[in-house]
Amino acid sequence: MGKLAEWIRQERPALFVSDVSVEAATMARLMGVPVVVAAMRGDRGDEAHRLAYDLADALIAPWPQSLPEPDWPGHWYAKTLHTGSISRFDDRPRPVPESGRGPRRKEVAVLLGAGGTHITHQQLEEAVRATPEWSWTFLGSSRADWREDPWPVLCRADVAVTHAGQNAVAECAAARVPAVVIPQDRPHGEQYATARALHSAGLATVRRSWPAAHLWSDLLAEAAARPERWSCWSHGDGAQRAGRLLTELALRVPGRSACARR
């Protein structure tokens, strides 16, 4: 924190953006720097989160305004920019499908991250054995090989199976791939809140826990048949929307109070 304070003193930034760190946001604001905080879903009513969200000049929420967090106070909403999801793949062209190949089995892409999951290797193997009509590709799980670029796999998949982390959901949405979303336990119920929003809007097939092996055939068929509505979640320009807000705030007239109304 001392190094951060010294950097602020030397550089005199026009704006400070905190990716969920209450401590960093508070330090910057105490030193008179306008602050933007990246918002997260879930129960943020604890004292620390209330402090950060209250002192922020703006909040950036990477989900659509049509699917808000239900328990936020009005003064948070008044200074929130809902960007829709933000993915590294936004506006990336889809790969051209390979031609001249025979019929293939339908493909499942599993995107569960590199850690923090309670889904076991045995559960994955049982799901694979129970669905011989499907080919499974593991992008993130206990049995996955690391792939630097998962985009081609997501684009060719018939269904993605993922947790409800913001980045994983954003990448499925950018690829417009039907998804089975199984939220994982995270602080403040973040992933359960995201899963509820996806379920309420009919954007994904949501299960609260990993299904039994014999349920997977019907579950994958249900997900594959779901109408594609990801454009509601992923506008394709979330990063640009956030960037325009940050530029606007950083270029305000010096000396004018930047404090948002509390």
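We now turn to the structure provided with this report. (Residues numbered from 1 in each chain as written. Predicted model: local features only at pLDDT ≥ 70, side-chain atom pairs only at ≥ 80, totals over all residues. Heavy atoms only, no water.)

### Considerations on the overall build of the protein chain
The helix and strand tally for the protein chain stands at 10 helices and 9 strands. When its C-alpha atoms are laid out on the principal axes, the protein chain stretches across 65 × 40 × 35 Å. Taken across its 262 residues, the protein chain has 48% of its residues classed as buried. Carbon together with sulfur atoms contributes 52% to the accessible area of the protein chain, which is approximately 13600 Å² in total. Here the protein chain holds 32 positive side-chain charges and 30 negative ones, and the gap between their average locations is 3 Å. (Helix = DSSP H or I, 4+ residues; strand = E, 2+ residues; numbered from the N terminus. Buried < 20%, exposed > 50% of the residue type's maximum accessible area, 1.4 Å probe, protein only. Areas by Shrake-Rupley, 256 points an atom, 1.4 Å probe, with all protein chains shown as cover. Lys, Arg positive; Asp, Glu negative; His and termini not counted. Charge placed at Lys NZ, Arg CZ, Asp CG, Glu CD.)

### Considerations on the sheet that holds strand β9 (residues 205-206)
Strands sit in the order β6-β5-β7-β8-β9 across an open sheet of 5 strands; the sheet is parallel. The open sheet has two edge strands, β6 (134-140) and β9, and neither has a second partner. In this sheet, strand β7 (residues 159-162) lies alongside strand β5 (residues 106-111) in parallel orientation, the contact comprising 4 bridges. Along β7, the bridge assignment pairs V108 with V159. (Pairing = 2+ DSSP bridges.)

### A word on the sheet that holds strand β2 (residues 35-38)
Adjacent strands of a sheet form backbone hydrogen bonds with each other and so pair up, either parallel or antiparallel. Pairing is parallel in the open sheet, where 4 strands are placed in the order β1-β2-β3-β4. The open sheet has two edge strands with one neighbour each: β1 (16-18) and β4 (80-82). On average, each strand axis in the sheet is tilted by 20° relative to the strand beside it, whichever way the strands run. Relative to β4, strand β3 (residues 58-61) is paired through 3 bridges, and the arrangement is parallel. Paired with L59 across the strands is T80, a residue of β4. Of the strands in this sheet, β1 and β2 touch helix α2 (residues 22-30), which is tilted by about 160° from β1. (Axes fitted to C-alpha atoms, helices over the stretch in contact; angles between N-to-C directions. Contact = heavy atoms within 4.5 Å.)

### Things to note about the state of the cysteines
Covalent bonding between the sulfur atoms of two cysteines defines a disulfide. The final tally for this structure, using the stated rule, is 0 disulfides. Looking at the unpaired C172, the closest cysteine sulfur is the one in C155, lying at 11 Å. You can call C172 buried: its relative accessible area is 1%. (Disulfide = S-S within 2.5 Å.)

### A closer look at the side chain of E171
Its location among the elements puts E171 in helix α7 (residues 166-175). Judged by relative accessible area, which is 10%, E171 ranks as buried. Other than its neighbours up to four places away in sequence, E171 contacts S87, R88, F89, L111, P150 and L154.

### Quick notes on the packing of helix α1 (residues 2-11) against α2
Closest axis-to-axis distance for the α1/α2 pair is 10 Å, and the angle between their directions is 35°. Handedness of the α1/α2 crossing: right-handed. Together, L4, A5 and I8 of α1 and A24, M27 and A28 of α2 make up the contact between the two elements. (Left-handed = near helix turned anticlockwise from the far one by under 90°.)

### Here's the deal with the environment of A204
Structurally, A204 can be placed in the loop between α8 (190-200) and β9. For A204, a relative accessible area of 1% corresponds to the buried category. Sequence separation between A204 and E98 is 106 residues; the distance between their C-alpha atoms is 27 Å. When sequence neighbours within four positions are dropped, the list of residues in contact with A204 reads A179, V181, L198, R226 and W230.

### A word on the pattern of salt bridges
A side chain of one charge can pair with a side chain of the opposite charge if their charged atoms are brought near each other. Tallying each qualifying case throughout the model produces 9 salt bridges. R92 is the partner of D149 in a salt bridge, and the nearest nitrogen-oxygen pair spans 2.7 Å. Of this pair, D149 sits in the loop between β6 and α6 (151-156) while R92 is found in the loop between β4 and β5, placing the two residues 57 residues apart along the sequence. Overall, the relative accessible area of 32% leaves D149 in the partly exposed class. Put simply, R226 and E222 hold a salt bridge, and the shortest N to O gap is 4.0 Å. Residues joined by salt bridges that share partners form a network here, namely R207, E222 and R226. (Salt bridge = Lys/Arg side-chain N within 4 Å of Asp/Glu carboxyl O.)

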